[in-house]
Amino acid sequence: MIRELNSVVLVRDLPEYGLEAGDVGTVVYVYGEGEGYEVEFVGGEGETVAVIRLGPEDIRPMRF
């Protein structure tokens, strides 16, 4: 299960946000029992690129 502060990987391109499949974000909020996730994506300089609500089909857990 994906929890708040977990790193996740985007599984599809979101060109309207400048994001591509494979980009890594951090879950900042979990809606309900995982029905949706608020995910922050940060650029190389530490600036926030996007904070967007995504469904469980849009992300996968980061594997270490």
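Calculation rules
Residues numbered from 1 in each chain as written. Predicted model: local features only at pLDDT ≥ 70, side-chain atom pairs only at ≥ 80, totals over all residues. Heavy atoms only, no water. Helix = DSSP H or I, 4+ residues; strand = E, 2+ residues; numbered from the N terminus. Rg over C-alpha atoms; globule rule 2.2 N^0.38 Å. Areas by Shrake-Rupley, 256 points an atom, 1.4 Å probe, with all protein chains shown as cover. Lys, Arg positive; Asp, Glu negative; His and termini not counted. Charge placed at Lys NZ, Arg CZ, Asp CG, Glu CD.

### Things to note about the overall build of the chain
Scanning the chain from N- to C-terminus turns up zero helices and five strands. Mapped in sequence order, the helices and strands of the chain form the string β-β-β-β-β. Over its C-alpha trace the chain gives a radius of gyration of 11 Å, about what one expects of a compact globule, namely 11 Å for 64 residues. Expressed as lengths along the three principal axes of its C-alpha atoms, the size of the chain is roughly 30 × 20 × 20 Å. About 4,100 Å² of surface is accessible on the chain, with carbon and sulfur atoms providing 48% of the total. The chain carries 5 positive and 13 negative side-chain charges, and their two centres are separated by 9 Å.

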